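Residues per chain are reported as follows:
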Amino acid sequence: MSSYGAPTNAITLSDVEIDDGFWSLRRERNRDVTIKYQYEQLEESGTLENFRRVAAGESGGFQGMWFQDSDAYKWIEGASYVLAQRDDPELEANVDEVISLIADAQQPDGYLNTYFSLVEPENRWTNLHMMHELYCAGHLIEAAVAHYRATEKETLLDVAIDFADLVDDVFGDEIEGVPGHEEIELALLKLYRVTGTDRYLDLAKYFIDLRGKDDRLAWEIDNPETLGGAEYDDGGVISAARDVFTHEDGTYDGRYAQAHEPLREQETVEGHSVRAMYLFAAATDLAIETGEDELIEALEGLWTNMTTKRMYVTGGLGPEEAHEGFTTDYDLRNDAYAETCAAIGSIYWNQRLFELTGEAKYADLIERTLYNGFLAGVSLDGTEFFYENPLESDGHHHRKGWFTCACCPPNAARLLASLGKYVYSQRGPALYVNQYVGGSVTTTVDGATVELSQDSSLPWSSEVTIDVDADGASVPLRLRIPKWAESSTVTVNGDSVDVPSEGYLEVEREWDDGRIELTFEQTVTQLEAHPEVAADAGRVALKRGPLVYCLEAVDNDRPLHQYEDPSASVSTEHRSDLLEGVTVIEGEASVPDREGWDGELYRPANETARERTEFTAVPYYAWDNRDPGAMQVWIRS
């Protein structure tokens, strides 16, 4: 058995309150604007109408993508996280209304999928690799668990249990196969933890263990005439599957769905990046339950491959648009796909890796991804979203309010609503501060009631104050020292303590109105990429604290491709009037002298002088919130 122990994390979302100068505004907009807007989109997109038609016993008339049901489930999950933290009778009524529609659409045997119920009821479970029945079931289960924990109502949980029981009856007995799009695996582990029912743990393990060993997905690709989904878009979904599930010679390629070999034998992150993150998150949850060394070793190897060879500086994942995912080591082209959902999936996976191991590197990556690869996916006003998050743009890439494939907006909403889950953790007798986000937590640690409040000035300034009261009980605290901090100082009740360069600072004493003051030095750093990253050869990116920066055309006089050799000596200024308050980086860079070019297209390079000019860089998450224009993260050095 592994030396890794399953964590005893008694902290729930309702235990945590967020009151933070940076994150609170975004969460308020998510609650008051985004979630309400997305509820309207469920109606306008036909998602709710699909459930109504099934409940009424109708056939045909399906609207939207074939996995449209999942939009409703993710919306319920996000809304439930809001309800776990505050009373909102109007929102709760809307949630109850949608749950009622879902329950009414469930078939007598527990089955629930509006596409198949309306269009091809005879073709259930025939197209596992593309039609997303198990994916939708997973999001239903996640929504049900979140709703139950928030409200203690069993209305949606009963629906999810009936469907999960049906899946368990069918798979392994009638059908030997795995989902093409992972999601149900991590949902089943959540259902197991809330119900204590072993069959859900066993079913999650079945799907994880069978992946890469089963030829059902390959068989489906070779037998398209047997598949459901032909009625959708005149079979376009089936023909599209061949593009991503086959090699150029037409043979089956399981990498897209991480089905090319058993998970414990995989050494590189492959295929569709969202699917990969969901699978790895589920497998990590399974490892937490079982402590299996072989599985843990494989997951840690995959994490190392991803973070050292296949991840953007923003924490974004997946350069390739065609299959929305990974390609080869060091292929990190700046016209990145980097789907917002993949960044969210990475946060899910890294949180579980932290819960498994207690290692700070996973919380460090959550922080990087939260502030950059994820947050760029949401506009400042909370009404528009990026599906793709490139690191450069010619000025034509913009956020949208909704998408035909609308997976990213409700995914972003549920993450923002559940941010408190990532701030604190309890492992054994210790309370961990993983993210420096203002607010408080009240929990019980080894029988002692602990009240911890945090005042954080991140990401703009460097100071954090934590007040701790445990009625005099001795409680171990673990405080993350960010890897980006050039240096750190910590005092406890006014006394300085030794601080590691990174990882967790351990502080244990009797807490009675104790105060911890932390300062993390933030400097502007020029980062360079590994020499094998061709896209960034001879370029640098600017980073300050947890934030990656970019140049936008709206702030700079020259076309962005002309800037090179940015000065190492730069200044920072907090601009409360810009982008709802940001710290900008200002410096000088070299640009070509434009004199003498009239009437010429080419001339010898040594005839062009260069001159220094000023540039301004803003946080990457904030780009495309003003006048349209070019953007780039990497600057020629």
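Just so it is clear, the structure is predicted and the values come from calculations on it, not from any experiment.

Focus on the pairing of strand β3 (residues 424-427)
Burial along β3 is two-sided: the residues Tyr424 and Gln426 and Ser425 and Arg427 are all buried. Bridge count for β3 against strand β4 (residues 430-433) is four bridges, and the pairing is antiparallel. Paired with Gln426 across the strands is Leu431, a residue of β4. Counting the residues in the hairpin turn of β3 and β4 gives two residues, including Gly428, whose phi is positive at 60 degrees.

Some thoughts on the packing of helix α9 (residues 198-210) against helix α12 (residues 273-290)
Here α9 crosses α12 at 130 degrees, and the two axes come no closer than 10 Å. With respect to α12, the axis of α9 lies oblique. Between α9 and α12 lies a crossing of left-handed hand. Only Leu279, Ala282, Ala283, Leu286 and Glu289 of α12 make contact with α9, whose side of the interface consists of Leu201, Lys205 and Ile208. A class-by-class count of the residues in the contact of α9 with α12 yields six nonpolar, no polar and two charged.

Some words on the state of the cysteines
Tallying each qualifying case throughout the model produces zero disulfides. A disulfide-free cysteine, Cys341 has its sulfur positioned 3.4 Å from the sulfur of Cys408, the nearest such atom. Cys405 forms no disulfide, and the closest cysteine sulfur to it belongs to Cys407, at a distance of 3.9 Å. For Cys405, a relative accessible area of 18% corresponds to the buried category.

What to know about the environment of Asn625
Along the chain, the position of Asn625 falls in the loop between β18 (610-619) and β19 (631-632). With relative accessibility at 25%, the residue Asn625 sits in the partly exposed group. Separated by 463 residues in sequence, Asn625 and Asp162 have C-alpha atoms that sit 45 Å apart. Discounting residues that sit within four places of it in the chain, Asn625 has contacts with Ser379, Leu380, Arg399 and Leu579. At a separation of 2.9 Å, a polar atom in the side chain of Asn625 contacts the main-chain carbonyl oxygen of Ala622. Of the polar contacts made by the side chain of Asn625, one reaches the backbone oxygen of Trp623; its length is 3.4 Å.

Overview of the sheet that holds strand β5 (residues 439-445)
Taken in spatial order, the seven strands make up an open sheet running β1-β5-β6-β7-β12-β9-β10, and their pairing is antiparallel. Two strands close off the open sheet at either side, each with one partner strand: β1 (16-18) and β10 (495-497). Geometrically, the sheet is characterised by an average inter-axis angle of 20 degrees between neighbouring strands, direction not taken into account. Sheet topology places strand β6 (residues 448-456) next to strand β7 (residues 463-469); six bridges connect them, and they run antiparallel.

A word on the pattern of salt bridges
Once the charged atoms of two side chains with opposite charge are near each other, the side chains can pair. For the structure shown, the criterion picks out 45 salt bridges. In this structure, Glu185 and Arg211 form a salt bridge, with 3.9 Å as the shortest nitrogen-oxygen distance. Linking Glu185 in helix α8 (residues 184-195) with Arg211 in the loop between α9 and α10 (216-222), this pair joins segments that are 26 residues apart in sequence. For the pair shown, Glu185 and Arg211 are each scored as buried. Here Arg310 and Glu270 are joined by a salt bridge, their closest N and O atoms 3.5 Å apart. A residue pair is termed long-range when its members are at least 10 positions apart, and Arg310 in the loop between α13 (293-309) and α14 (340-357) and Glu270 in the loop between α11 (236-245) and α12 qualify at 40 residues.

Some remarks on the confidence of the model for the protein chain
Taken as a whole, the protein chain shows an average pLDDT of 95; of its residues, 99% reach a score of 70 or greater. For the stretch residues 1-8, pLDDT sits under 50, and the model shows 23 contacts to residues farther than four places along the chain or on other chains.

Notes on empty space enclosed by the protein
One pass over the full model with this rule turns up three cavities of 30 Å³ or more. The space that makes up the largest cavity amounts to roughly 100 Å³. Split by residue class, the lining of the largest cavity holds five nonpolar, four polar and three charged.

Quick look at a negative patch on the surface
Residues Glu17, Asp19, Glu28 and Asp455 make up a contiguous surface patch of negative charge. The topology assignment puts Asp455 in strand β6.

Looking at helix α6 (residues 133-151)
The terminal C-alpha atoms of α6, which comprises 19 residues, lie 27 Å apart, in line with the 27 Å expected from a rise of 1.5 Å per residue. In terms of burial, α6 is largely enclosed, as 16 of its 19 residues are buried. Remark: Glu152 follows α6 within two positions and exhibits a positive phi of approximately 65 degrees.

A word on the sheet that holds β4
Strand order in this open sheet of four strands is β3-β4-β8-β11, and the pairing throughout is mixed. Of all strands in the sheet, those bounded by a partner on one side alone are β3 and β11 (503-510). When strand polarity is set aside, the average angle formed by the axes of neighbouring strands in this sheet is 25 degrees. In the packing of α14 onto the sheet, contacts are made with β3, β4 and β11, and the angle to β3 comes to roughly 30 degrees. Sheet strands in contact with helix α15 (residues 360-374) are β8 (474-481) and β11, and its direction is about 55 degrees off that of β8.

Topic: the packing of aromatic side chains
Scanning the model with the defined rule gives 32 aromatic pairs in all. Each ring, one from Phe22 and one from Tyr371, has its centre 5.4 Å from the other, and the planes form 45 degrees; the classification is tilted. Pair noted here: Phe22 is in the loop between β1 and α1 (23-44) and Tyr371 is in helix α15, with a separation of 349 residues, a long-range link. Neither residue differs from the other here; Phe22 and Tyr371 are each classed as buried. On the basis of an interplanar angle of 75 degrees and a centroid distance of 5.4 Å, the ring pair of Phe354 and Tyr432 is categorised as edge-to-face. Of this pair, Phe354 sits in helix α14 while Tyr432 sits in strand β4; the two residues are 78 residues apart in sequence, bridging distant segments of the chain. By the burial criterion, Phe354 is buried, and Tyr432 matches it. Taken together through their ring pairs, the aromatic side chains of Phe62, Trp66, Phe67, Tyr115, Phe116, Tyr135 and Tyr232 make up a single cluster. Of note, Arg26 hangs over the ring of Phe22, and the distance from its end group to the ring centre comes to 3.9 Å.

About the cut-offs
- Residues numbered from 1 in each chain as written.
- Predicted model: local features only at pLDDT ≥ 70, side-chain atom pairs only at ≥ 80, totals over all residues.
- Heavy atoms only, no water.
- Buried < 20%, exposed > 50% of the residue type's maximum accessible area, 1.4 Å probe, protein only.
- Helix = DSSP H or I, 4+ residues; strand = E, 2+ residues; numbered from the N terminus.
- Pairing = 2+ DSSP bridges.
- Axes fitted to C-alpha atoms, helices over the stretch in contact; angles between N-to-C directions.
- Parallel < 35°, antiparallel > 145°, perpendicular 65-115°, else oblique.
- Left-handed = near helix turned anticlockwise from the far one by under 90°.
- Contact = heavy atoms within 4.5 Å.
- Nonpolar A, V, L, I, M, F, W, Y, C, P; charged D, E, K, R; others polar.
- Disulfide = S-S within 2.5 Å.
- Polar contact = N/O pair within 3.5 Å; in protein donor to acceptor, adjacent residues only side chain to side chain.
- Salt bridge = Lys/Arg side-chain N within 4 Å of Asp/Glu carboxyl O.
- pLDDT = per-residue confidence, 0-100.
- 1 Å grid on protein atoms, 1.4 Å probe; cavity = no way out; pocket = protein on both sides within 12 Å on 5 of 7 lines; lining within 4 Å.
- Points joined across faces, edges and corners; volume = space filled by probe spheres on them.
- Patch = residues over 30% accessible without salt bridge, like charges linked within 9 Å, V, L, I, M, F, W, Y side chains within 5 Å.
- Areas by Shrake-Rupley, 256 points an atom, 1.4 Å probe, with all protein chains shown as cover.
- Lys, Arg positive; Asp, Glu negative; His and termini not counted.
- Charge placed at Lys NZ, Arg CZ, Asp CG, Glu CD.
- Expected span 1.5 Å × (residues − 1).
- Phe/Tyr/Trp six-rings, centres within 6.5 Å; stacked < 30°, edge-to-face > 60°.
- Lys NZ or Arg CZ within 6 Å of the ring centre and 35° of its normal.

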